[in-house]
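The chain contents come next:
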Amino acid sequence: GQDAGAEAASGMELTTLFASVDHGVKMQDTFALPRHVESLLALHCPRILFAGATVDPLAADEAEAHDEFERGGSLNRKKESDEIPFVRAQPLARVSARVMRDFAGIELPRGGKVDGPVREALLAFSYQLTIGNTDEAYKAVRAIKSSSVWENMAKMCVKTRRVDVAEVCLGNMGHVRGALAVREAASEPEPEARIAMLAIQLGLLDETQRLYAQCGRHDLLNKSLQAAGRWPEALSIAKERDRIHLAATYHQYAKHLEASGDLAGAIDAYENAGTHTTNVPRLLYAAGQLRELKEYVDRSGHKALFGWWAKFSESAADFDSALEYYDKADDQLARVRVLCFCNRLEDAADLANNTDVAPAVAYHLARQYEARSMVPEAIRLFTKAGRYNQAARLAREHGLTAELQSLSLQAPAQMQGEAASFFEDKGQFDKAVQMYHKSGQTQRAIELCFAHNLFEQLRDIANSLGPDAEPAVFKRCGEFFLDHGQFDKAVGLLVRAGQHHTALELCVLHNIPISEKMAEQMASTVKLDDPTLEARRIETLLKIAKCCKRQGAFHLATMKYTQAGDKVKAMKCLLKSGDSDKIILFAVRSRAREIYILGANYLQNLDWHNDATVLAKIVEFYTKAKALEQLAAFYEAKAAVEVDEYRDYDKALEALREAAGAMERSRVGGREEKVEVRESLLLRNRTNMLILRMMHTFL
């Protein structure tokens, strides 16, 4: 009967309520009843009395632990510090009591009572907090001085999620650190995270875990477990829910194990954290386990650990071992440094001359060579390291002009300017001009060219100037070349200076070739609105075209004649070029009678008999030009060729018919007599052709 009663009471809960006229019924607290409780007996503030079976206390605890396990908990889980126990007057008594939540934490003697003012204040606090009136709740309890009461109210705030009230409670408790932590946690976006910080300060670790898990802040849950020393749980959370902090968790765990003296465990944790390359050598060295440390380094095969042992060996003056482990660590700079310290420069040079070596290696060895007055070797290695300033400094100090010039071309502008001054002082003005120009001191370079008649260098400088350069610079350079009879060099500079007329006159007088770029700069290719400017532009274009024609640049002359609007002259220049494809294209696009006739006349000089395309274009051009007499003459010539060269009388007769047709189409006023004469000739030719054809057939 006792077991059945206890089983029947399993799973029950008790809820306490506030009832008022203004706010109705409000829930104040709810909690689960243990297995041995059968019914509510009475409520006498500050206790609630229950009736139940007489149960052995140890058996009751085991049953409650089993229920917790069935609900998904742990058999070994400790009770939270805020769980309120059920107390019996006697170990086997049927009546048990539980202190109300509002009075938990107050030291009460067995059967003792709470003072009336305190009881009323706590009940008023709970009621006002339940209806959401924080100000009145605080007024109700501000006279209470017991820190245990304030702590109990702070724990109530964890359940009611009232952080603002909890700050007041922590202040009255004198818990400054907790109040500061809760205030700093106010920046967390999740309400549960802010409540969890309060629970941490009150020692409610299980409630903290539940809140962090509820809001998904597994990073904070991980930190709280670490702080509580619950490392297996912290690592489990990091592996499953907080992977981004897994390495950091392992590192903190390793530090914990190291402090505990578990070196083997600390090494494993450092390896899992990826921080073993610095921490494991430190740990074993501090423990004086050098042999184990060397074995660990050799076994790991990690370059960083090889480097650590190499540095340790170097500090112990074991240079052979240092070189060996620097080689394993692929630290070539350290190897060169040790070799130079041991005065093994040849071995260091072999290492530095490797094409894959880092610039720092070459630089270090170059400094060693410089210290030993090995200047050529030092310059070579400084150059290989990309330290052109250092190399140029050495070359300048030792008068090595050839090396200085090649180095300065790769050096920064400041170094190039210094090299230019050096060359100028030495009287090597051509090199000085080159260096001044490279360093951006163009004006100084030009002045030197003027002073020492450096024509080639001046032209190179002028050609390298961009379109944003001052026209006066180009004009001055052009006039300099002009004064010294360097007309070919002067033309381009005068064009860039805007002196187009002078440049064109030079081209005409001295037969200086005109490039397409120069021609475009001398005269615009776009028609101008101003009649005066347009007439001047056409005049310039015609002059350029004529000069190009004289120089044999027929394509450029054709282009300029076309831009000037003189297509006939353009066609004549194109005919001189002998470019059949462009001649045909130009005639097709021009659509002018004279152009068509010129094109057809030119095409007659080609092998039209074997190229049907040329033959078709001749007929097409004469037809489009309505030059039917020329077309008839062409057909007559074609007939003569067919007879004289190929003995093809059929094709000759067909050509004569085409010629007769062309003459028939050309009958217009004023030309009848000429046409009749031509027709009589064609008739005679046709008769002769027929006779020849018959004779050829009989023979």
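Below is a short write-up of the structure. (Residues numbered from 1 in each chain as written. Predicted model: local features only at pLDDT ≥ 70, side-chain atom pairs only at ≥ 80, totals over all residues. Heavy atoms only, no water.)

## Focus: the overall build of the protein chain
Within the protein chain, the secondary structure is distributed over 40 helices and six strands. Considering the protein chain as a whole, with its 699 residues, one finds that 40% of them fall into the buried category. Relative to all contacts within the protein chain whose residues are 6 or more apart in sequence, the contacts with residues 24 or more apart total 43%. (Helix = DSSP H or I, 4+ residues; strand = E, 2+ residues; numbered from the N terminus. Buried < 20%, exposed > 50% of the residue type's maximum accessible area, 1.4 Å probe, protein only. Contact = heavy atoms within 4.5 Å.)

## Structural notes on the pattern of salt bridges
Counted by the stated rule, this structure contains 19 salt bridges. Between Lys-624 and Glu-620 there is a salt bridge, with its nearest N and O atoms 2.8 Å apart. Separated by four residues within a single helix, Lys-624 and Glu-620 lie in helix H37 (residues 612-624), roughly one turn from each other. With a relative accessible area of 24%, Glu-620 lands in the partly exposed category. Residues participating in the shared-partner salt-bridge network are Glu-188, Glu-190, Arg-217 and Asp-219. (Salt bridge = Lys/Arg side-chain N within 4 Å of Asp/Glu carboxyl O.)

## Observations regarding the sheet that holds strand E5 (residues 87-88)
Taken in spatial order, the four strands line up as E3-E4-E6-E5 in an open sheet, and their pairing is antiparallel. Edge positions in the sheet fall to strand E3 (37-44) and E5, since each has one partner strand and no second. The sheet contact formed by E3 and strand E4 (residues 47-52) spans six bridges and is antiparallel. The residue of E4 that forms the bridge with Val-37 is Gly-52. (Pairing = 2+ DSSP bridges.)

## Side note on helix H8 (residues 191-201)
When H8 is considered as a whole, its buried residues turn out to be Glu-192, Ala-193, Ile-195, Ala-196, Leu-198, Ala-199 and Gln-201. Note on H8: the residue one or two positions beyond its end, Gly-203, has a positive phi of about 80°.

## Observations regarding the side chain of Asp-29
Locating Asp-29 in the fold gives a position in strand E2 (residues 24-32). Residue Asp-29 is classed as buried on the basis of its relative accessible area of 10%. Every residue in contact with Asp-29, bar those within four places of it in the chain, is listed here: Leu-14, Thr-15, Thr-16, Arg-98 and Arg-101.

## With respect to the nonpolar core
Ranked by internal contacts, the top residues of the largest apolar core, which has 55 residues, are Ile-514, Ile-544 and Met-571. With residues near it in sequence (within four places) discarded, Ile-514 still touches Leu-504, Cys-507, Ala-519, Ile-544, Cys-547, Cys-548, Gln-551 and Leu-556. Core analysis: the second largest hydrophobic core is formed by 47 residues, Leu-293, Leu-323, Tyr-369 and Leu-394 among them. (Core = buried A, V, L, I, M, F, W, Y, C linked by side-chain atoms within 4.5 Å.)

## Description of the packing of aromatic side chains
In this structure the tally under the stated criterion is 12 aromatic pairs. Taking 5.4 Å as the distance between ring centres and 35° as the angle between the ring planes, the aromatic pair formed by Tyr-596 and Phe-621 counts as tilted. Of this pair, Tyr-596 sits in helix H36 (residues 593-603) while Phe-621 sits in helix H37, placing them 25 residues apart in sequence. A cation sits over an aromatic face here: Arg-98 above Phe-31, 3.7 Å from the ring centre. The ring of Tyr-325 has Lys-328 lying over it, and the distance from NZ or CZ to the ring centre is 4.6 Å. (Phe/Tyr/Trp six-rings, centres within 6.5 Å; stacked < 30°, edge-to-face > 60°. Lys NZ or Arg CZ within 6 Å of the ring centre and 35° of its normal.)

## So, helix H38 (residues 628-644)
Between the first and last C-alpha of H38 there are 24 Å, a value that for 17 residues agrees with the 24 Å anticipated at 1.5 Å per step. When H38 is considered as a whole, its buried residues turn out to be Leu-628, Glu-629, Leu-631, Ala-632, Phe-634, Tyr-635, Lys-638, Ala-639, Glu-642 and Val-643. (Expected span 1.5 Å × (residues − 1).)

## A closer look at a nonpolar patch on the surface
On the surface, a nonpolar cluster with roughly 320 Å² of combined accessible area is contributed by Leu-17, Val-25 and Met-27. Looking at the secondary structure, you find Leu-17 in strand E1 (residues 13-20). (Patch = residues over 30% accessible without salt bridge, like charges linked within 9 Å, V, L, I, M, F, W, Y side chains within 5 Å. Areas by Shrake-Rupley, 256 points an atom, 1.4 Å probe, with all protein chains shown as cover.)

## Some thoughts on the packing of helix H18 (residues 332-341) against helix H20 (residues 359-371)
Put simply, H18 and H20 touch, their axes get as near as 8 Å, and they point 15° apart. By the angle between their directions, the pair H18 and H20 is classed as roughly parallel. Of the two possible hands of crossing, H18 and H20 adopt the one that is right-handed. Facing Gln-332, Leu-333, Val-336, Arg-337 and Cys-340 of H18, the residues of H20 in contact are Ala-360, Val-361, His-364, Leu-365 and Gln-368. Considered class by class, the residues forming the contact of H18 with H20 number six nonpolar, three polar and one charged. (Axes fitted to C-alpha atoms, helices over the stretch in contact; angles between N-to-C directions. Parallel < 35°, antiparallel > 145°, perpendicular 65-115°, else oblique. Left-handed = near helix turned anticlockwise from the far one by under 90°. Nonpolar A, V, L, I, M, F, W, Y, C, P; charged D, E, K, R; others polar.)

## Observations regarding the pairing of E2
Successive residues of a regular strand alternate their side chains across the two faces of the sheet. Two elements, E1 and E2, share eight bridges in a ladder whose sense is antiparallel. What sits directly across from Ala-19, in E2, is Val-25. The hairpin formed by E1 and E2 contains three residues between the paired strands.

## Quick look at the state of the cysteines
Covalently bonding the sulfur atom of one cysteine to the sulfur atom of another cysteine gives a disulfide. In this structure the tally under the stated criterion is zero disulfides. Of all cysteine sulfurs in the structure, the one in Cys-342 sits closest to Cys-340, which takes part in no disulfide; the separation is 9.4 Å. With no disulfide of its own, Cys-548 has Cys-547 as its nearest cysteine by sulfur position, at a separation of 5.8 Å. (Disulfide = S-S within 2.5 Å.)

## Some points on the pairing of strand E6 (residues 95-99)
As defined by bridge partners, E4 adjoins E6 across five bridges and the pair is classed as antiparallel. Residue pairing across strands places Phe-50 opposite Ser-96, the latter belonging to E6. Relative to E6, E5 runs antiparallel, the two being bridged by two bridges. Paired with Val-87 across the strands is Ala-97, a residue of E6.

## Structural notes on the environment of Gly-24
Structurally, Gly-24 can be placed in strand E2. Each C-alpha atom, one on Gly-24 and one on Ile-131, is 9.9 Å from the other, the two residues being 107 residues apart in sequence. Other than its neighbours up to four places away in sequence, Gly-24 contacts Phe-18 and Ala-19.

## A short note on unusual backbone geometry
Glycine aside, a negative phi is what most residues show, and trans is what most peptide bonds show. One non-glycine residue with positive phi stands out, namely Asp-330, at about 60°. Assignment of secondary structure puts Asp-330 in the loop between helix H17 (319-328) and H18. One non-glycine residue, Arg-591, adopts positive backbone phi at about 60°. With respect to the secondary-structure elements, Arg-591 resides in the loop between helix H35 (580-590) and H36.

## Overview of a positive patch on the surface
Taken together, Lys-546, Lys-549, Arg-550, Lys-572 and Lys-576 make up a surface patch of like positive charges. Elements with a minimum of two residues in the positive patch: helix H32 (531-550) and helix H34 (567-577). The element that contributes the greatest number of residues to the positive patch is H32, accounting for three residues. Tracing the chain through its elements places Lys-546 in helix H32. A residue is classified by how much of its surface remains accessible, and Lys-546, at 54% relative accessible area, is exposed. (Lys, Arg positive; Asp, Glu negative; His and termini not counted. Charge placed at Lys NZ, Arg CZ, Asp CG, Glu CD.)

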